[in-house]
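Commentary on secondary and tertiary structure
Listed below, chain by chain, are the residues.
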Amino acid sequence: CLDCVTKLRGNYEQQAFVRKVFGILTAQTLFTVFICGIVFAWKDLEDWLQHNIWFYYVCLAITISLIIVLVCFRKPARKVPINYILLFTFTFFQSLMLATFSSFYNAESIFLAAVMTLTLFFTMTVIALFTSRKPHTLAMMMYVCCMLSIVSIFFLIFFTSRYVIIVVMAVMLVV
C-alpha cells in the first residue's frame, strides 16, 4: 500500500518506519479511547474523578516529567525496551488526564472532538505523504490555520449555540 506513495516507493526501510509510527499512534489512540470508555461506563469512577481533581494534577506532573525525560535525555529515549516503557507510561497518564478532563463533558461533545481529531490526523497524514511542498511552506500553512482556529475559539466564547459550535468545528476542519 505504501508503494503508491511516490516518496516511499521502493524504500522498504522507510515504509517499515512509517508502519511502526502509525502502529504506535494507533495503539496510543485505542488505549486512550479504552480508558475514556471505562470512565464513561463506570459512573462511580467518573464521579470520583470529578471530585478529586488532584488526581488530574498528579497525572499532569508525571506526564510533564516523562516529556522532559524523553526530550532531554537521548539515551533512554532511544534504547529499545526503555523507550517503549516510557512511551506506554506517558500514554497511560495522558489517557488518565484526558479521561478526567472528559468526565466533565457529555459523550456527544467528546465524540465531536474525537471526530475532529481523527479528521485532522488523517488530513495531516495525506498532506505529509502526497505533497511535494517544502516543509517551511507547510509550516506557514499550519501557522495560518492555527491563527484562524484561535479566532474561531474567541468567536465561540461569545456565541455558544450548539449550531454555531458545529459550524465553527466544520470551518476549523476545512481550514
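Described in the following lines is the structure provided in the data block. Per-chain numbering applies: the sequence of each chain, read as written, is numbered from 1 onward. For a predicted model such as this one, the threshold for reporting local features is a pLDDT of at least 70, and the threshold for listing and counting side-chain atom pairs is 80 or more; totals across whole chains, interfaces and linings nevertheless cover every residue. With hydrogens and water set aside, each side-chain value is computed from the structure's full complement of heavy atoms.

1. Let's talk about the pattern of salt bridges
The salt bridge definition used is simple: a Lys or Arg side-chain nitrogen within 4 Å of an Asp or Glu carboxyl oxygen. Considering all chains together, one arrives at 1 salt bridge under this definition. The salt bridge partner of Lys43 is Asp47, with a shortest N-O separation of 3.7 Å. Placement of both Lys43 and Asp47 in helix 2 (residues 43-51) is noted, with a separation of 4 residues, approximately one turn of the helix. Accessibility expressed as a relative area gives 29% for Asp47, which makes it partly exposed. Only DSSP runs of H or I with at least four residues qualify as helices, and only runs of E with at least two residues qualify as strands; both kinds are numbered from the N terminus onward. Exposed residues in this analysis have more than 50% of their type's maximum accessible area, buried residues have under 20%, and partly exposed residues fall in between, with area computed by a 1.4 Å probe over protein chains only.

2. Details of the packing of aromatic side chains
By convention, a stacked pair of Phe, Tyr or Trp rings (six-membered ring in the case of Trp) has centres within 6.5 Å and planes under 30 degrees apart, an edge-to-face pair has planes over 60 apart, and any other such pair is tilted. Considering all chains together, one arrives at 9 aromatic pairs under this definition. An angle of 85° between the planes, with centres 6.1 Å apart, marks the rings of Trp54 and Phe55 as edge-to-face. Both rings, one in Tyr56 and one in Tyr57, keep their centres 5.5 Å apart while their planes meet at 80°; by these two values the pair is edge-to-face. Members of the aromatic cluster, joined through ring pairs, are Phe31, Phe88, Phe92 and Phe93.

3. Some details on the side chain of Ser102
Mapped onto the elements of the fold, Ser102 is located in helix 5 (residues 80-102). Polar contact is defined as a pair of N or O atoms within 3.5 Å, subject to the rule that within protein one atom must be able to donate a hydrogen and the other to accept it, and that residues adjacent in sequence are counted only when both atoms are side-chain atoms. Polar side-chain contacts of Ser102 include one of 3.2 Å to the backbone oxygen of Ala99. Beyond its immediate sequence surroundings of up to four residues, Ser102 is in contact with Cys36, Phe40 and Ile110. Whether two residues are in contact is decided by their heavy atoms, any of which lying within 4.5 Å being enough.

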